[in-house]
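# Structural characterization, general
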Amino acid sequence: MNTANTFSEDTTGTCGIMQAALRLNVLYWLCMFVADSILGYFINIDPVESAPLKVVLFGISGGMTYLMARLLIRLRHRLSFLQKALLCFLMAAITAPIYTAIDFINYTICQYPKVVDFDPTYSGYTLIEGASMLFGWSCLFVAVLDNFELVERQRLLEIARKEALTAQLQALRYQINPHFLFNTLNSIAGLIEEGAATRAERMVLSLSTFMRTTLALDPMHDVSLADEIALQEEYLEIERERFADRMSFKISVPDDLKSALVPSLILQPLIENSIKHGVGATVGPVEVTLRAYREDNRLHVIVENDMPRDDASANSRPGIGVGLRNVDERLRVRFQDAAGFLAGRISPSRYRAALILPWRTA
């Protein structure tokens, strides 16, 4: 995360805390106003007559606690919880005499022109009352502030986790087998040497379309199964120019499954693997099939291809290289245990790669 983003997010977080402090401040002193009016009623203090004095007293107190909140917000990253508690006590000790003085001034104005004598006992009770309310507000706000800090840390951790996940998925997705690109360029060069300019041009356009589409896809955004298959057909158009005489490709996907969501380019390594270890390693005709079906809340996508028989004993698991390992890793990172990947021979001359994905639709 760069410095500009960090500054912007910190400013946004501070503004959110300030707004919460203001709302909490208003709500707190409104509750104090109501509670004081109710208690005053039971000791024969008219709540209506005393309301203007309470508005002034609690309004000024609200201003003091808002300034206290700003100070706590400014120092929130520098103080421990105990230090914040001590600061709350000190702020209450400083502002409680101001609260008592305002209450005495209010009472003096209310009794004017009658002279009011200073009553130490009453003022002491008022001092304790003010200190209790101001300290209670401070402790309440510290609790709210710590909760904000916890939520903010969780948010930043989630952002960092998503950025790391995105980077990992991009790295996995962009590890495209270089043999595909090299073989395609060699095939184009061969077509040009043979004088098949039209086929070479068609192959270049197909390669350009495929590469532009794959690089534009966001690895964190899913695509429909129909779109993923359409992209693989673009890839197969390139390979058909190389193996047109002996490669066939069949798709068996019901229409009601084509809206299912799959990670972008998740089929690319499977199709590429079938071409490399099936068509590329076999002299005769090779059939590559892609089929899908739904089982409960799982989408199964299977790619199969013919293979030469003569290497069955020497290599029982061909093609388990970077591409297929990346598929397995992408699914593990993205879905954890909710998805699966299986690959291997199902017969001496047949290979299968199977995806098991959570069923999701757009």
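The preceding data block contains the structure.
Residues numbered from 1 in each chain as written. Predicted model: local features only at pLDDT ≥ 70, side-chain atom pairs only at ≥ 80, totals over all residues. Heavy atoms only, no water.

This next bit is on the overall build of the protein chain. Helix and strand counts for the protein chain stand at nine helices and seven strands. Counting all 362 residues of the protein chain, 39% fall into the buried class. In the structure as shown, the protein chain presents an accessible area of about 20200 Å², 62% of it carried by carbon and sulfur atoms. (Helix = DSSP H or I, 4+ residues; strand = E, 2+ residues; numbered from the N terminus. Buried < 20%, exposed > 50% of the residue type's maximum accessible area, 1.4 Å probe, protein only. Areas by Shrake-Rupley, 256 points an atom, 1.4 Å probe, with all protein chains shown as cover.)

Within the fold, Thr289 resides in strand S4 (residues 286-295). When its relative accessible area of 15% is taken as the criterion, Thr289 is described as buried. A polar side-chain atom of Thr289 sits 3.4 Å from a polar atom in the side chain of Arg350. Each residue touching Thr289, except ones within four places of it in the same chain, is listed here: Lys250, Ile302, Val303, Glu304 and Arg350. (Polar contact = N/O pair within 3.5 Å; in protein donor to acceptor, adjacent residues only side chain to side chain. Contact = heavy atoms within 4.5 Å.)

Take a nonpolar patch on the surface next. There is a patch of nonpolar side chains on the surface, built from Leu30, Val34, Ile38, Tyr41, Phe42, Ile43 and Ile45 and spanning about 760 Å² of accessible area. One can find Ile38 in helix H1 (residues 3-42). (Patch = residues over 30% accessible without salt bridge, like charges linked within 9 Å, V, L, I, M, F, W, Y side chains within 5 Å. Salt bridge = Lys/Arg side-chain N within 4 Å of Asp/Glu carboxyl O.)

Turning our eyes to something else, we now look at the environment of Gly124. As for its position among the elements, Gly124 is in helix H4 (residues 120-173). Of the residues examined, Gly124 reaches a relative accessible area of 26% and is grouped as partly exposed.

This brings us to the nonpolar core. Leu267, Leu270, Leu290, Leu331, Phe341 and Leu355 are the most contacted members of the largest nonpolar core, which totals 48 residues. Here this core gets seven residues from one element, more than from any other, and that element is helix H7 (residues 225-243). In contact with Leu290, other than residues within four places in its own chain, are Ile229, Phe249, Lys250, Ile251, Ser252, Val253, Leu267, Ile271, Val301, Ile302 and Val303. Counting 26 residues, the second largest nonpolar core, distinct from the first, contains Leu24, Leu57, Ala69 and Tyr99. (Core = buried A, V, L, I, M, F, W, Y, C linked by side-chain atoms within 4.5 Å.)

Let us look at the sheet that holds S4. Strands sit in the order S2-S4-S5-S7-S6 across an open sheet of five strands; the sheet is mixed. Two strands lie at the open edges of the sheet, namely strand S2 (247-252) and strand S6 (340-347), each paired on one side alone. On average, adjacent strands in this sheet sit at an angle of 15° to one another, irrespective of strand direction. Examined bridge by bridge, S6 and strand S7 (residues 350-358) share seven bridges and lie antiparallel to one another. (Pairing = 2+ DSSP bridges. Axes fitted to C-alpha atoms, helices over the stretch in contact; angles between N-to-C directions.)

Here the focus is helix H3 (residues 81-111). The terminal C-alpha atoms of H3 lie 44 Å apart, and with 31 residues this matches the ideal 45 Å at 1.5 Å per residue to within 8%. Remark: the principal bend of H3, roughly 30°, maps to Thr95, with a proline, Pro97, within the next four residues. Every buried residue of H3 is listed here: Lys84, Leu87, Cys88, Met91, Ala92, Thr95, Ala96, Tyr99, Thr100, Ile102, Asp103 and Asn106. (Expected span 1.5 Å × (residues − 1). Bend = angle between axes of the 7 residues up to and from the residue.)

Attention now goes to the pairing of S7. Here S7 lies mainly inside the structure; seven of its nine residues are buried. Pairing analysis gives nine bridges linking strand S5 (residues 298-306) to S7, with the strands arranged antiparallel. Paired with Leu299 across the two strands is Leu357, which belongs to S7. Between S6 and S7, which pair antiparallel one after the other, the connecting turn spans two residues.

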